[in-house]
Amino acid sequence: MSPKLRKYLILAHLWAAGFMAPAFALHAISGGLYLMNIKGDFAKQELVLPAGATLDFKSETLETEVRDLLVRADVDYNFEYIRNRGSVIQLRPTSREYIEFRQTPEGLAASTVTPDTVAAFMELHKGHGPTAFKTYQKIVAVMLLLVVLGGILVGLLAKAYRRQTIIATIAGTAIFILVGFLL
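Keep in mind the model is a prediction, meaning the values are calculated, not measured.

Caption draft 1: Local environment of the pairing of strand β2 (residues 81-84). Across four bridges, β2 lies against strand β3 (residues 88-92) in antiparallel orientation. When the bridges of β3 are listed, Asn84 appears paired with Ile89. Joining the antiparallel neighbours β2 and β3 is a turn of three residues, in which Gly86 adopts a positive phi near 95 degrees.

Listed below in structure tokens is the structure:
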């Protein structure tokens, strides 16, 4: 491999790794905490709705109806999209304070829900954050694949590292298959 190409690949690898480091730290912290059963908490506070307030969660115009209800309830809140779970809807993103509406036997109920830091990290990890952050996560996912494939390529192209690269790649693949699908 030419020294110029190798230098370019290493530089690209370093820039990509630096760009992705915060996302990896978030995923490592939130994923590790989740696996240790530390999932964070959500504080709920009931929200007063106007008398007789209703929402049809199956409506084609649900977003407009929700925005109108928030205005009538004198609630200053901006959301990006709605997650509909049947009898509960959440106004996303849920990585910060959000509003949740529930259909109850007594009628429509609403709460503001505030995640603590751990829960907010979990929401970001799960893709429930702002749309811009979801786009960032998609870019990081593509970059990660390119960094991994680029690292393997650099290892295979350099005679001094070819054998170790092949062994490490085979070992990593075997462990992945073993613990992911066979145990």
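Next comes the rest of the account.
Caption draft 2: Local environment of the nonpolar core. Of all hydrophobic cores here, the largest spans 19 residues; its most connected members are Leu55, Val66, Leu70, Leu91, Phe101 and Leu108. Mapped onto this core, the elements with two or more residues apiece are α2 (62-72), β3, β4 (98-104) and β5 (107-115). Top element by residues in this core is α2. It accounts for four residues. Excluding its chain neighbours within four sequence positions, the residues that come into contact with Leu55 are Leu62, Glu65, Val66, Leu69, Ile89, Phe101, Gln103 and Leu108. With seven residues, the next largest nonpolar core counts Met20, Ala23, Tyr136 and Val147 among its residues.

Quick notes on the rules
Just so you know, the residues in each chain are numbered from 1, in the order the chain's sequence is written. Local features are withheld for residues below a pLDDT of 70 in this predicted model, meaning they are given only at 70 or higher, and side-chain atom pairs are given and counted only at 80 or more; totals for whole chains, interfaces and linings count all residues. Note: side-chain values were computed over all heavy atoms of the structure, leaving out hydrogens and water. DSSP bridges decide pairing: two strands pair if at least two such bridges lie between them. Helix numbers and strand numbers start at the N terminus; a helix is a DSSP run of H or I with at least 4 residues, a strand a run of E with at least 2. Nonpolar cores were defined as sets of buried Ala, Val, Leu, Ile, Met, Phe, Trp, Tyr and Cys residues, with membership established by side-chain atoms within 4.5 Å. Burial classification: accessible surface area is computed with a 1.4 Å probe over protein chains only, and a residue below 20% of its type maximum counts as buried, one above 50% as exposed, and the rest as partly exposed. Whether two residues are in contact is decided by their heavy atoms: any pair within 4.5 Å suffices.

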